[in-house]
Amino acid sequence: MDTFQRYEFDRQGYLVLRNLIPADLVSRLSATVERIEESASALAPDDRPHRSLWGSTYHHDRRQGVLIHGQRKQGGTFLIEDFWNADPVFDQLIDFPATMDIVRAVVRDRVTINNSEIRIRYQGNYTGAHMGGPIGKKYQYRTDVDGIDCTMVRMVYFLQHVKAEDGAFSVVPGTHKSAFPPPTAKLPEDEPGAIPLEVGPGDAIFFTEHLRHGGFTNRGNQTRRTLHVGYGPCWMRSQNIATMDEMPYLTPATWERLTPARRELFLAGPIENQGSRLPHGSRAALLSAG
Ligand SMILES: O=C(O)CCC(=O)C(=O)O
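Conventions used here
Residues numbered from 1 in each chain as written. Predicted model: local features only at pLDDT ≥ 70, side-chain atom pairs only at ≥ 80, totals over all residues. Heavy atoms only, no water. Pairing = 2+ DSSP bridges. Helix = DSSP H or I, 4+ residues; strand = E, 2+ residues; numbered from the N terminus. Contact = heavy atoms within 4.5 Å. Axes fitted to C-alpha atoms, helices over the stretch in contact; angles between N-to-C directions. Near = heavy atom within 4 Å. Polar contact = N/O pair within 3.5 Å; in protein donor to acceptor, adjacent residues only side chain to side chain. Areas by Shrake-Rupley, 256 points an atom, 1.4 Å probe, with all protein chains shown as cover. 1 Å grid on protein atoms, 1.4 Å probe; cavity = no way out; pocket = protein on both sides within 12 Å on 5 of 7 lines; lining within 4 Å. Sits in = over half its atoms within 2 Å of the grid points. Buried < 20%, exposed > 50% of the residue type's maximum accessible area, 1.4 Å probe, protein only. Arc of directions from axis to C-beta.

Caption draft 1: The sheet that holds strand 15 (residues 224-233), seen in detail. Spatially, 1-13-10-15-6-5-4-3-2 is the arrangement adopted by the 9 strands of the open sheet, whose pairing is antiparallel. Every interior strand has two partners, whereas the edge strands, strand 1 (14-17) and strand 2 (50-51), have only one. In this structure, strand 2 lies alongside strand 3 (residues 57-61), joined through 2 bridges in antiparallel fashion. Bridged to R51 within strand 3 is T57. Contacting strand 1, strand 10 (153-158) and strand 13 (204-208), helix 1 (residues 3-12) crosses the sheet at an angle of about 130° to strand 1. Helix 4 (residues 97-106) contacts strand 1, strand 6 (111-121), strand 10, strand 13 and strand 15 of the sheet and is inclined by roughly 160° relative to strand 10.

Caption draft 2: Region of the structure containing the site of the ligand. Close to the ligand lie R119, R121, T127, H130, R154, F169, F207, H213, G214, G215, R224 and H228, which account for all nearby residues. Interatomic distance of 3.2 Å between a side-chain N/O atom of H130 and an oxygen atom of the ligand. About the coverage of the ligand: the protein hides 99% of its 300 Å² of free accessible area. Applying the majority rule of atoms within 2 Å of the grid points places the ligand in the largest pocket. With 3 residues, strand 14 (residues 213-215) is the single largest residue contributor to the shell around the ligand.

Caption draft 3: Representation of helix 1 within the structure. The complete set of buried residues in helix 1 reads E8, F9 and Q12. Projection of helix 1 onto a plane perpendicular to its axis shows the buried side chains occupying an angular sector of 100°, all on one side. For helix 1, the exposed residues set more than 90 degrees away from the buried face come down to T3 and Y7. Sitting at the head of helix 1, D2 places a side-chain oxygen 3.1 Å from the backbone nitrogen of F4. After helix 1 finishes, the residue G13 shows a positive phi value of roughly 95°.

The quantities given are spatial measurements derived from coordinates; they are silent on function.
Structure (structure tokens):
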């Protein structure tokens, strides 16, 4: 992170990073996301649905090692969590150098990955705005004499052009520092100060989870597909909705193929207590093993 990026991230709460991902990787990621979407759409109803702590119902696709929420339909969305397990093409995103450089500049302590989701948003779908203002310590943004100190940040990778009307990722700049709760509106585009961030394939948006953010209504003629990866200090466990505050869900096959450096990014808690063992503990991991 250079000094200009640091100034902008502190001022606004986010950065738009142009052409972060090379075109050949974008096309491989895109093809894989579409394959996973097809297989999510073809799944039969789950007779043992996975209930998240936050109350939503997930389908556990044990073959691909992902947890799926939602449906392919007008106004609908798919959230496909733990996508690392579904295909090795995603491995490069675990420790993508340009991302790690920025993450390590704003997260103190050993960094781990706490969130991974493919987000697929069909026409008519929107993501309600959330966070911003006084939200407590869990997703805090703060600064002190040593610089920036974030507890959760996310990188969103874009695989296609997304204009405002295509359901752009939206932010209310500066609200990571607001002292008062934001006025709410059903649609993110109706909130005061909300702006859409327009992007192209290979671009990424980096933001502090403290910032008020969401996704404008998709009024375009394409489905919006993105990859979201969250990072924070190692004491924070999974922030995926299906496995909230549990250990991350990695299948034994994923664990086996990862390098030691990539494995370390999934080891919540002090590394000396973890050794080189697969971090068991999410309900999904236990069900897969059993
Ligand atoms: O991409 C969107 O529509 C919103 C995503 C979001 O809320 C998030 O990544 O936290």
